[in-house]
Amino acid sequence: MPQSTARTGRATAPVQTPIPSINPRPKGGWRDYALLLALACCWSSTYPLTKIGLGSIPPITFISARSLVAALFLFVILRFRGLTIPTDLKAWKLFAFQQTINSTIPFLMITWAQLYVPAAPTVVLASTTPIFAFLITWGITRHEPATLLKLIGAILGLAGTAVIIGLDALQGMGHQLIAELAILLATVSFACATIFGLRLSDYDPMVVAAGSLLFGGMVLLPVSLIVDHPWTLHPTPEALAAVVAMGIFSSALGLMLFYMCLVRLGTLTTNAQGYLRIPIGVALSVVLLGESVPSNLALGLVLVMAGVAAMTIPGGVYKRWLGRLRGL
């Protein structure tokens, strides 16, 4: 049997012949795309839960609390699995950098920007991550094929997002240029984090998620104590429930699924879930917040699904489909 350091969640080279059945299915199977859908569902809950939580909890305290709740939840699961967080400096440097560019900095930037930019334009700007990931992959890293089909998929997804929230919502863009640039910089940070996250593939996804979230929560905790004075706050039961739910589903499970998808599907396909979050987030907003469903949701959803399909379905599948159509 191959040996691994299970206690630290990091795999080592096998000392005997590897067993072929360790990864019996190829990447891109239906189970992997089910993980992608699950990731979109987890992160879609961010929008309504954040709106509920920020009603009585300031942004810095809210982000720190949800990160610590998520880390505690994962540590309990790791305990049952017999895994522990690595203690070496190299691992924690990776965890710290990943959390900084994937959560701490972009979340704070977007939260600040939403003080000046309406929600609808924010959604459009924040949905450009797949395009930035494509450009970075195509022009700089080239760690996986950045095909024309995937670029078309990114553009279709962005168009579908714009249709869902309504093109009239874009008319206000440009009036708060600095805040809008902050949202774009945050999406660039998300794209970089997706690519950098591949360096963490040697670790168990749950270990990476737990270590990253613990670092993020502990970094913001002193800032929360100094700025927000959380002991003086009076959060509502709904806000506290939002913190716990967001910590478990959006942060803990979502981040774990994120690293699993990176390894199985690659950066460009993993980023495609950003478009899936829009229609799912709208549905959750209707259920949790009682918001109305936009009349243009159907058309936008078709464009979003077309974009996700273009970015996720292998090009060889399209060629086979075209061949079958020509044979009819």
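Preceding this paragraph is the structure being described.
A. How the structure looks around the overall build of the protein. Scanning the protein for helices and strands turns up 14 helices and zero strands. Per-residue burial for the protein yields a buried fraction of 45% across its 328 residues. Within the protein, contacts between residues at least 6 apart in sequence are counted, and of these 86% link residues at least 24 apart. Looking at the protein as shown, the accessible area adds up to about 16500 Å², and 71% of this sits on carbon and sulfur atoms.

B. Inspection of the pattern of salt bridges at higher detail. Counting across every chain of the model gives one salt bridge. Ionic pairing is found between Arg 81 and Asp 204, a salt bridge with its closest N-O pair at 2.9 Å. A residue pair is termed long-range when its members are at least 10 positions apart, and Arg 81 in helix H3 (residues 59-81) and Asp 204 in the loop between helix H8 (177-196) and helix H9 (205-227) qualify at 123 residues.

C. Examining a nonpolar patch on the surface more closely. Together, Val 223, Leu 225, Ile 226, Val 227 and Trp 231 make up a nonpolar patch on the protein surface, roughly 510 Å² of accessible area in all. Mapping Leu 225 onto the fold places it in helix H9.

D. Main features of helix H10 (residues 237-265). Considering bend angle alone, the principal kink of H10 is centred on Met 246 and spans about 35°. Just past H10, the residue Gly 266 takes up positive phi, approximately 90°.

E. A look at the packing of aromatic side chains. Within the structure shown, the criterion is met by four aromatic pairs. Summarising the aromatic geometry, the rings of Phe 258 and Tyr 259 are spaced 5.1 Å apart at their centres and angled 65° between planes, so their arrangement reads as edge-to-face. For the pair shown, Phe 258 and Tyr 259 are each scored as buried. In textbook terms, an aromatic cluster arises when at least three aromatic residues are bridged by ring pairs, as seen for Trp 92, Phe 95 and Tyr 203.

F. Quick peek at the side chain of Gln 99. Structurally, the position occupied by Gln 99 is in helix H4 (residues 89-113). Other than its neighbours up to four places away in sequence, Gln 99 contacts Ser 67, Thr 104, Ser 212, Leu 213, Phe 215, Gly 216 and Leu 255.

G. Examining the packing of H9 against H10 more closely. Here H9 crosses H10 at 130°, and the two axes come no closer than 8 Å. Looking at the two axes, H9 sits oblique to H10. Of the two possible hands of crossing, H9 and H10 adopt the one that is right-handed. Contacts between H9 and H10 involve Pro 205, Met 206, Val 208, Ala 209, Ser 212 and Leu 213 from the first element and Ser 251, Ala 252, Leu 255, Met 256, Tyr 259 and Met 260 from the second. Residues belonging to the contact of H9 with H10 are distributed by class as follows: 10 nonpolar, two polar and no charged.

H. Representation of the side chain of Ser 224 within the structure. Within the secondary structure layout, Ser 224 lies in helix H9. Excluding anything up to four places from it in sequence, Ser 224 contacts Ile 60, Thr 61, His 229 and Pro 230.

I. Fine view of the environment of Gly 254. Counting through the fold element by element, Gly 254 comes out in helix H10. Put simply, Gly 254 and Ser 44 are 210 residues apart on the chain and 9.6 Å apart in space, counted from C-alpha to C-alpha. Contact partners of Gly 254, with chain neighbours within four places excluded, come to Leu 39, Cys 42, Trp 43 and Phe 249.

J. Spatial organisation of the environment of Leu 303. Position of Leu 303 among the secondary structure elements: in helix H13 (residues 297-312). The sequence separation of Leu 303 and Gly 153 amounts to 150 residues, and the corresponding C-alpha distance is 9.1 Å. Contacts of Leu 303, omitting those with residues within four sequence positions, involve Leu 156, Gly 157, Ala 159, Gly 160 and Val 163.

Rules used in this analysis
- Along each chain, residues carry numbers from 1 onward, in the same order as the chain's sequence is written.
- Local features in this predicted model are restricted to residues of pLDDT 70 or higher, and side-chain atom pairs are both shown and tallied only at a pLDDT of 80 or more, whereas totals for entire chains, interfaces and linings draw on every residue.
- Side-chain calculation: all heavy atoms of the structure are included, whereas hydrogens and water are not.
- Per the convention used, a helix needs a DSSP run of H or I reaching at least four residues, while a strand needs a run of E reaching at least two, with both numbered from the N terminus.
- Only protein chains enter the accessibility calculation, which uses a 1.4 Å probe. A residue is then buried if its area is under 20% of the maximum for its type, exposed if over 50%, and partly exposed in between.
- In what follows, residue pairs with any heavy atoms lying within 4.5 Å of each other are defined as contacts.
- To measure how exposed things are, a 1.4 Å probe is used in the Shrake-Rupley method; for residues, cover is taken only from the protein chains shown.
- In the sections that follow, a salt bridge refers to a side-chain nitrogen of Lys or Arg positioned within 4 Å of a carboxyl oxygen of Asp or Glu.
- Residues qualify for a patch when their relative accessible area is over 30% and they have no salt bridge, like charges being joined within 9 Å and the nonpolar side chains of Val, Leu, Ile, Met, Phe, Trp and Tyr within 5 Å.
- Bend at a residue means the angle formed by two fitted axes: the first through the 7 residues ending at that position, the second through the 7 residues beginning there.
- Aromatic pairs are defined between Phe, Tyr and Trp rings, using the six-membered ring for Trp, whenever the two ring centres lie within 6.5 Å; interplanar angles under 30 degrees are classed as stacked, those over 60 as edge-to-face, and all others as tilted.
- Every axis corresponds to a line fitted to the C-alpha atoms, with the helix fit spanning only the stretch in contact, and the corresponding angles, defined between N-to-C directions, vary from 0 to 180 degrees.
- For classification purposes, angles smaller than 35 degrees are called roughly parallel, those larger than 145 roughly antiparallel, those between 65 and 115 roughly perpendicular, and all remaining angles oblique.
- Handedness of each helix crossing follows the sense of rotation of the near helix against the far helix: counterclockwise by less than a right angle gives left-handed, clockwise gives right-handed.
- Gly is put with the polar residues, along with every residue not named as nonpolar or charged; the nonpolar set is Ala, Val, Leu, Ile, Met, Phe, Trp, Tyr, Cys and Pro, and the charged set is Asp, Glu, Lys and Arg.

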